[in-house]
Each structure stands twice: as C-alpha cells, then as structure tokens.
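One letter stands for each residue in the lines below.
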Amino acid sequence: MLDDREVERLEVEAVNSARIRQPLYTARQKVFPKRASGQFRQFKWVIMLITLGIYYLTPWLRWDRGPYAPDQAVLLDIANRRFYFFAIEIWPQEFFYVAGLLVMAGIGLFLVTSTVGRAWCGYTCPQTVWVDLFLVVERGIEGDRNARIKLDSAPWSLTKLWKRIAKHAIWLVIAVATGGAWIFYFADAPRLLGAFVTGQAEPVAYITVAILTATTYVFGGLMREQVCTYMCPWPRIQAAMLDENSLTVTYNDWRGEPRSRHAKKALAEGLSVGDCVDCNACVAVCPMGIDIRDGQQLECITCALCIDACDGVMDKIGKERGLISYATLADYQSNMAIATDRGTATIDPARVRDAQGKLDKGISHFHIRRLLRPRTFVYAGAWSLVGLGLLAALLSRDRLDINVLQDRNPQYVVLSDGSIRNGYTVKLLNMVPEPRSFELSIEGLPGAVMSVVGIDQRETRSITIDAEPDKLKTVRVYVRQPREQLGQGQGFSFVVVDRAGAERDVYAAKFNVPEIAR
Amino acid sequence: MGEKHIDELSGVETTGHEWDGITELNNPMPRWWLWTFYATVVWALAYTIAYPAWPMISSATTGVLGYSSRADVKNELAAAEAAKSDYIEAVKSNSVGDILADDKLRQLATAAGSAAFKVNCIQCHASGAQGSPGFPNLNDDEWLWGGSIDQIYKSIAHGVRFDGDENTHASEMPAFADIIEPKQVNEVAAYVASLSGTADTPELAAAGAKVFADNCAACHGDNAKGNKELGAPDLTDAIALYASGQAAIVSQVRHPKHGVMPAWGARLGDVNVKELAIFVHSLGGGE
C-alpha cells in the first residue's frame, strides 16, 4: 500500500463551480482538462470512434437500387423529394415515418435518462464528441494540462505561435471535414466531392459547409463547456426526468468525508478520516470545470472521467474503487443515513466499515433491479409500441397509389347525344424504381366508358397506362355515361392494378349529373 | 466628472446615477456585441460603395460592382426565353397535328395553351371553357366549324365573322322573317324542335318538314345534321348554342343572332394560337 502522501496533488480550481463562479459579464475562465485513463475513458474512445465513423462514412456506403435510382445507401434527395435509407425509399407524403422516428428518439431519451441519467450528454452528444476530438488535437500539440496552462500564460514567442497556429489549423481542417460530410447526405457523395473541390458545386453546398465549419470550430474549439452550460436547453429538461433510481455520477461523501491530505497524521491525532485524499484529480480531468464533490449540479454532463481519475487514486492507496461512482440517489441516501447515523451526526466513515476495514454489509450498491421499475417499463413499452407500429406501417405500405381530382369547372358536360361527361385528373404514383404498366379501370356507374387524353381516344372501361420508374404519372380522364343510364347511381371507383403484380389501389369517385337527370 | 464611483458588491464602476439607493453599473458592452456592431458599420460602408446608394443631384452613384435590379430582371427574362427556345422552335416548325402526336410537346403546349386561354378566351368562353348562351361550350363534342385539330386551329387563327381577316369563317343565316310566312316559321320551328324531342306543337312538324326542305336543308342538310363548312349547327342533338325549345327556335329563325370571334392569329402569333388549339382540343371534344 502506497502512502497517500505519494499521491500527486494537483493545484486546480473548479472554475465553474457554483461556489466560486464569477458573475456573468466577466470573461470566461479557461478549463484545461487533464488526460484521464480508465474504463470509462476507454469506453468513450470506442463511442467516439463509432459515432464519428457513422457520421463521416455513411454517405459513402453504396446500395444497389437498379438503374433508375441512386446507389447511395443513405440519401436525402431534396431536389427530387426522395429519401433513401438502404432498402427503404420514402416519398414526401410518407415523411411521417421520420416523425415516428423522432417520437421514438424522444421516448428513447426518456428511457435512457430515467435509467442511466445524462448518458446522452456524457457520451454521444455531438458537442461532447467533437470537444473530445478537439482536446485530443490540443493535447497532442500543446501537451497535457500543466503544459497547456504554462503555454497559455506564457508571453508570445515563436514556439507558442507555431503551436497555436498548428492547433487552430488542425481544428479548422476537422471543422471543414465535419461541415463537408454533412452535404454528402444530400447528393451523390463521390460526384459532389469532385464538384466541390473543383468549384463546380452549388452555392448552397459551400454556404452549408461554411456555416457548419464555423459552428464546429467555434463550439468545439472555442466555446466548449459554455455551450452545455449556457446555450443548451437540454440540461434543464433532462434534470426533470431523473428520479431517485436513475444512475448519475456521484461523489460518495458517506465514505469520502472528512477528506484529508494527511490521513496518517490525522489518524494519529485520533481524528476521523474519509477515503478522499483531496488530490483534486477529479477536478483536473473535468471538461466542465466543476468539482463533482459539490454534489449533483446542472453543469455535470456525466462523462464519468472523474470516476476514472478517482479510481486510479483509490487503486494507488489501496482503497476500494467507487469513491466517485455511478450511483442512484436512493442508494446514496441510504448509505448517507448509515454514515450520519440517520442524519443525527456528521459523516463518520467508521460507521460504513466493519471491523476488518471493509465496507459494511449494510451498504447499498447499485443493482440492475433498480432499473426495472414501472416508469422504465412504461417508457420501454411506449417506445416499442411506436417502433412496432412504424414497422407494421412500413411492411404493409403501398408502392402504388391513386389520387383523383374531379373537375369542378364545369362540373359536367352535356354531349350532343345527351350523354353526360365528367373530367378527372388521375394521379398514379409508381413508387418503385422500375417502370411499370398499370391497368386503370372504372367499376360501377352502369354503361359508363372512359377515355384518356393523349393515350387512347377510344372509349373503354379499362385502359393501360405506362408509368416511369419512381415517378408520378398524371393523366386526364373523361368518363361518359349514356343518357339512358343517367341517374343509376353516381358513385363509382377508379381501380388501378399493376399488370405484372398483384398490387392494386382503389379511389372512390363521384359522377356529377344535371339535377333533372338524377 | 469627478472621482470614480465603484460599486462595492460587484467591484464595477458605476455611472454615478442613483435612484432610491440603486446605482447603475457602468458595465462595458459585451465584446462580441461591440465587434458585431463595428462589423456592421464596416459592412454598411462597403455596401454603399459596392452597390448603388448615394444620391447625387440628377442620379445616384452606380456602385463599383455595377449592379442594377433592372438589368437583373432583363437577364432573368432573357434566360427564361433562352430556356424556352427549344420548345418554341419545335412548336413553330411542327404542324398542330404533329404536336398532338408528340406526347412531350403536347403536354407542354397544353400547359401553355391553358395559360393563354385564361388570359384571352375566358371573357367569352368562361373559365372552364363551358361557354354561355351564344358562346359555344368548348368541352362538348358539338363543333360549329369542326372539331379536328386543324379546324380548331383555323377557327382560332382567323376568327368567326371577323372583318379584319379575309380568311375568317364568314357565312351567316338570313333573317327568315323577311322570306317566309309567320305560319311557316311556326311550322319549321315545330319540326326542328321535334328533331331533339322538345316541340311544343308536334302536330305542326309534318308541315314544317317541307318548309325545312325548301329553305333550310341547303345549309343545315337534308337530315338537319348541319354543315361545318358553313358553320351551320347540327339541329338534331341535345346541344343548343343560344337556347333550346320551340320558342327560342322561332326567334332564331326570324332574326338570327350571329356570334363574332376575333382572329387571334395576327394578334397572339402562331405559337400561341397553336398552343391554344392543342389546349382546346384536349378539353374532351377534340376529334
């Protein structure tokens, strides 16, 4: 066991801690997060790799859809109003799928928050991921925390100048790549990249890249934790969804207090001493510039780097890990009650330890059962329900659709033989990327025949119409009913059938006749 | 200005103004705000140099970029014309029959004709082309001067009984009040009405048949089916230009009304007339 005096102590101030935070209007005090290492840091590297990988690489995935549709796996073709996601193609009127996904994202966020707290903020929020990435660059060029502080306060020199230029240059490159990747979701990526670098792309592409470059650079490089603390509404909303059974990064002061820098000396003096050696490692690694030992606070994004930092120290001094840990408020309060003898005394670490110095059996540790409670079941249920509904809608959706607009001016036309004619604009939606041949026919309306402008002037009850791949086919249809059969029912149906398949769709239409003929 | 007042709590200088013990802090503007403000000032000055801005005695500065919104509109109109030129060329060089046979060209011409119709034709033929008494319904299958695409094209180009065009449709029905007896007028009216089943006095129809054969068949035909060369309407069908019924026929036989349509060829140009012909042909009655 190492003596706790050998633990490195850091001179660090939690600049964003509510206790010492400067009033608004004062310039921001910079945060210089120290490099952390441990299981959560490892986990965050993996998450960063996955999320950035998805973001940068997705537009380059190919997906063969035949000769009549683009081969980009994920494409939001706004110009042609088609949205492609692997095997799924969505037309604008099917955009409710996206609304459904957003509902799922919302409920999913409730579910995640009620179980693992602000995991979104700490691990997957783009702000967190890109700040992490920018910090990697910063550390690579300027060094870790102490070197950066020193450089920051040093007068301008050639070394400082080139380090700063190099850092900002790489940040800008990342920012351009970030903005650049965004536009590839909206057009064929290889073609757009070629056009983009040769100056042939649309102005909107350059404007979009410029805006996203600016936001990435400013938010990720310059503003960092201020975005979370001052700009983002999410911490305010999310705090309302946490309850006493949600996991959150917690300083377990029931075993840490009273903290002491000279534990042996204090022990020798007969004072009670907690596990916290006040080394400030947790403060130094915090990207938000807070002190987790102040308790739960709005600024904390639960990135868990302080857990890594503290676990490292606990290992060194031979104490159990978890002085800072993911814990629920319920567990924390129960343990706190033991440590303070139900709130009647100040914290005494002796109360949480047994004779061998191990943590007492009465101490509550997190158990997975905590997550299984009515609230999480309701969220999970609602989430699955929406998901299943969307899936069912997706699997049963039409790829052939018919819409009919009836002429209202004039409502009907009297022909020379006394028969009545109505005009209709029929829209056939061929929603697959292949040309198809449809059979359009009328059902009902005795004696009625139809003709289609530009296709076939002969009057029949059924007509073949060729539709281009993935296109809307609009035809003008005239339906005529002979004088003798007028008034025998005014309702009828337009029926469209895929001649090569079984797909069909029906539109219930109306036939207008003069009042005297009804 | 005397000594500085410093607020104790915040350590910020105050303006020295005090109301009921409340002093106003003299905080500086936020820097981002200030720099944005300076940037807008620079932008505004540069803008007035780059674009037309400063008023002079008789004109204004033109700006170093030489921008003019009038020239912009002119360019846009020229670009729109250029974009249409292929289509216009195709309409010019093809006959209406060929345009009708070309699916793409027909659709473009129909759309253009629809727009031209709304500007030039709906005053008489109504917005749905359904006409009104004296102005033919263009949706139905009864055509005074013929419903083929070429006939429609000719009617629009040269008009009907239009003085300013020598190729116009010119024939007129005489006023039979001066030619036949009133009794004969009633008889022939009963006969014509009976052809479409609307006669009030069918017993006169038999006598009317002879009057018809003597006076009317020359233009309207022996079977009263009309003659499109002369604009003589079919009298046997369910469509009447002015009104149906025996009384209306009496009036029309005695003192016929004659509609006039201007010749549009000289006024709108050939392209527009072709488009209108294609559109009218598409309304459902085209032959």
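Just so you know, these numbers come straight off a predicted model, no measurement behind them. Numbering of residues starts from 1 in each chain and follows the order in which that chain's sequence is written. Note on labels: chains are lettered from A, ligands numbered from 1, in written order. Selection of residues for local features in this predicted model requires a pLDDT of at least 70, selection of side-chain atom pairs for listing and counting requires 80 or more, and totals for whole chains, interfaces and linings are taken over all residues.

Asks: Help me understand the overall build of chain B, please; the structure alone is not making it clear to me.
Replies: On a plain count of helices and strands, chain B comes out with twelve helices and two strands. Going residue by residue from the N terminus, the α and β elements of chain B occur as β-β-α-α-α-α-α-α-α-α-α-α-α-α. Only C-alpha atoms enter the radius of gyration, while the globule expectation follows 2.2 Å times N to the 0.38, with N the number of residues. For 287 residues, the compact-globule estimate of 2.2 N^0.38 gives 19 Å, and the C-alpha radius of gyration of chain B, at 37 Å, exceeds that figure by more than 25%. Expressed along its principal axes, the backbone C-alpha trace of chain B runs to roughly 125 × 55 × 45 Å. Helical segments are the DSSP runs of H or I of at least four residues, strand segments are the runs of E of at least two, and each set is numbered from the N terminus.

Asks: Just checking my understanding: could you explain the pairing of strand β10 (residues 449-452) of chain A for this structure?
Replies: Along any regular strand the residues' side chains alternate between the sheet's two faces. Residue and element names in this part refer to chain A. Exposure in this text rests on C-beta crowding, where 20 or more other C-beta atoms within 10 Å of a residue's own make it buried, 12 or fewer make it exposed, and counts in between make it partly exposed. The C-beta atoms are placed from the backbone. Of the two faces of β10, the one holding M450 and V452 is buried and the one holding V449 and S451 is not buried anywhere. Taken together, the four bridges between β10 and strand β13 (residues 472-481) define a ladder with antiparallel strand orientation. When the sheet's bridge partners are listed, S451 is paired in β13 with Y478. What makes two strands pair is DSSP finding at least two bridges between them.

Asks: Got a minute to help me understand helix α15 (residues 329-339) of chain A in this structure?
Replies: Since the α-helix packs 3.6 residues into each turn, any two residues three or four apart lie on the same face. All names here are of chain A. Looking at α15, one finds that the buried residues are D331, Y332, N335 and A339. Here the buried residues of α15 occupy an arc of 95 degrees about the axis, which is enough to place them on one side. Two residues qualify as a contact pair if the distance between their C-beta atoms, derived from the backbone, is within 7 Å. Tucked into the core, α15 has its buried residues touching β4 (247-251), α11 (253-256) and β5 (324-328). Looking one or two residues beyond α15, the residue adopting positive phi is D341, at roughly 55 degrees. What the arc covers is the set of directions going from the helix axis to the C-beta atoms.

Asks: Looking at this model, I keep getting lost on the domain arrangement of chain B. Mind explaining?
Replies: One frequent convention defines the size of an interface as the accessible area lost when the parts assemble. Bear in mind that the domain bounds are from an automatic or database domain assignment. Its domain assignment divides chain B into domain 1 (1-67), domain 2 (72-168 + 261-281) and domain 3 (176-254). Between the C-alpha centres of domain 1 of chain B and domain 3 of chain B the distance comes to 89 Å.

Asks: I keep staring at the sheet that holds strand β9 (residues 436-444) of chain A and nothing clicks. Help me out?
Replies: Backbone hydrogen bonds hold the strands of a sheet together, and the pairing may be parallel or antiparallel. Residues and elements named next belong to chain A. Spatial ordering of the open sheet is given by β12-β9-β14-β15, a layout of four strands whose pairing is antiparallel. Edge positions in the sheet fall to β12 (462-467) and β15 (504-510), since each has one partner strand and no second. Strand-to-strand twist across the sheet, computed as the mean angle between neighbouring axes with direction ignored, equals 25 degrees. For helices, the fitted line uses only the C-alpha atoms of the stretch in contact; every axis is such a line through C-alpha atoms, and the angle between N-to-C directions lies from 0 to 180 degrees.

Asks: Would you mind going over the sheet that holds strand β2 (residues 82-85) of chain A with me for this structure?
Replies: All names here are of chain A. Read from one edge of the open sheet, three strands run β1-β2-β3, paired in antiparallel fashion. With partners counted over all chains shown, the strands left at the sheet margins are β1 (74-77) and β3 (88-90), one partner each. Across the sheet, the mean angle separating the axes of adjacent strands is 10 degrees when strand polarity is ignored.

Asks: Would you mind going over the packing of helix α6 (residues 158-183) of chain A against helix α8 (residues 203-223) of chain A with me for this structure?
Replies: Between two packed helices, the angle of one axis relative to the other and the distance separating the axes together describe the packing. Residues and elements named next belong to chain A. In contact at an axis separation of 7 Å, α6 and α8 are set at 135 degrees when each is read in the N-to-C sense. In terms of axis orientation, α6 runs oblique to α8. Here the hand of the crossing between α6 and α8 comes out right-handed. Contacts from W171, L172, A175, V176, T178, G179, G180, W182 and I183 in α6 reach A205, T208, V209, L212, T213, T216, Y217 and G221 in α8. Here roughly perpendicular refers to angles of 65 to 115 degrees, roughly parallel to angles under 35, roughly antiparallel to angles over 145, and oblique to all remaining angles. Rotating anticlockwise by less than a right angle from the far helix to the near helix defines a left-handed crossing, while the corresponding clockwise rotation defines a right-handed one.

Asks: What am I meant to see in the UniProt feature "domain: Cytochrome c" (unreviewed entry) in chain B here?
Replies: Residues and elements named next belong to chain B. According to UniProt, the positions carrying the feature "domain: Cytochrome c" (unreviewed entry) are residues 108-196 and 203-284. The distance from the first to the last C-alpha atom of residues 108-196 is 39 Å, and the span holds 46% helix and 0% strand. Taken end to end, residues 203-284 is 49% helix and 0% strand, and its two terminal C-alpha atoms sit 38 Å from one another. UniProt positions are given in the numbering used here, feature names are shortened, and annotations may be inferred rather than shown by experiment.

Asks: Just checking my understanding: could you explain the interface of chain A and chain B for this structure?
Replies: Taken together, the contact between chain A and chain B spans 16 residues of the former and 18 residues of the latter. Elements that contribute at least two residues to the side of chain A that touches chain B include exactly β7 (413-414), β8 (420-430) and β13 of chain A. Put simply, Ala, Val, Leu, Ile, Met, Phe, Trp, Tyr, Cys and Pro go in the nonpolar bin, Asp, Glu, Lys and Arg in the charged bin, and everything else, Gly too, in the polar bin. For the side of chain A that touches chain B, the class distribution of residues is eight nonpolar, five polar and three charged.

Asks: Teacher, can you tell me more about the nonpolar core here?
Replies: General note: in soluble globular proteins, nonpolar side chains tend to be found buried as a group. Among the nonpolar cores identified, the biggest contains 44 residues, and C282, V285, L305, C306, A309, C310 and I324 of chain A are the most heavily contacted of them. If you list the elements that add at least two residues to this core, you get α4 (126-142), α6, β4, α13 (281-285) and α14 (305-317) of chain A. Of the residues forming this core, the biggest block, six residues, is contributed by α14 of chain A. Looking at which domains feed residues into this core, each of domain 1 (1-22 + 234-366) and domain 2 (23-233) of chain A supplies at least three. Not counting residues up to four positions away in its chain, the partners in contact with C306 of chain A are V249, C282, V285, C286, I292 and I324 of chain A. A set of buried residues drawn from Ala, Val, Leu, Ile, Met, Phe, Trp, Tyr and Cys, joined through C-beta atoms within 7 Å, is what defines a nonpolar core. Y153, V273, A277 and I278 of chain B belong to the second-largest nonpolar core, a separate cluster that totals 22 residues.

Asks: Sorry if this is basic, but what is going on with the UniProt feature "transmembrane region" (unreviewed entry) in chain B here?
Replies: Summarizing the sequence annotation, UniProt attributes the feature "transmembrane region" (unreviewed entry) to residues 32-50 of chain B in the numbering used throughout. Between the end C-alpha atoms of residues 32-50 of chain B there is a gap of 26 Å, over a span that is 100% helix and 0% strand.

Asks: In this structure, what is going on with the UniProt feature "transmembrane region" (unreviewed entry) in chain A? I would like to understand it.
Replies: Residue and element names in this part refer to chain A. Under the UniProt annotation, "transmembrane region" (unreviewed entry) lies at residues 43-61, 95-112, 169-187, 203-222 and 377-395. This span, residues 43-61, is 79% helix and 0% strand, and a straight line between its end C-alpha atoms measures 26 Å. Counted over residues 377-395, helix gives 100% and strand 0%. Its end C-alpha atoms are 26 Å apart.

Asks: How do you make sense of the domain arrangement of chain A when you look at a structure like this?
Replies: We note that the domain assignment places domain 1 (1-22 + 234-366), domain 2 (23-233) and domain 3 (400-517) within chain A. Between the C-alpha centres of domain 1 of chain A and domain 3 of chain A the distance comes to 76 Å.

Asks: Explain the environment of I420 of chain A to me, please; I cannot follow it from the model alone.
Replies: Residues and elements named next belong to chain A. Counting through the fold element by element, I420 comes out in strand β8. What makes I420 buried here is the crowd of 24 C-beta atoms within 10 Å. For the pair I420 and Q485, spaced 65 residues apart in sequence, the C-alpha separation works out to 10.0 Å.

Asks: Just checking my understanding: could you explain the pairing of β13 of chain A for this structure?
Replies: Strand direction decides the pairing type here: β8 of chain A and β13 of chain A, joined by ten bridges, are antiparallel. Looking at β13 of chain A, one finds that G423 of chain A is bridged to Y478 of chain A.

Asks: When you look at unusual backbone geometry in this model, what are you seeing that I'm missing?
Replies: It is generally the case that most residues other than glycine have a negative phi and that most peptide bonds are trans. All names here are of chain A. Here the amide bond leading from E257 into P258 is cis, since omega sits at -10 degrees, within 30 degrees of zero. With respect to the element layout, P258 can be found in the loop between α11 and α12 (263-268). Notably, A304 is not glycine yet its phi reads approximately 70 degrees, a positive angle. Counting through the fold element by element, A304 comes out in the loop between α13 and α14. Residue class for A304 comes out buried when judged on the 23 C-beta atoms lying within 10 Å of it. Backbone geometry at D341 places phi at a positive 55 degrees, although glycine is not the residue there. Counting through the fold element by element, D341 comes out in the loop between α15 and α16 (374-395).

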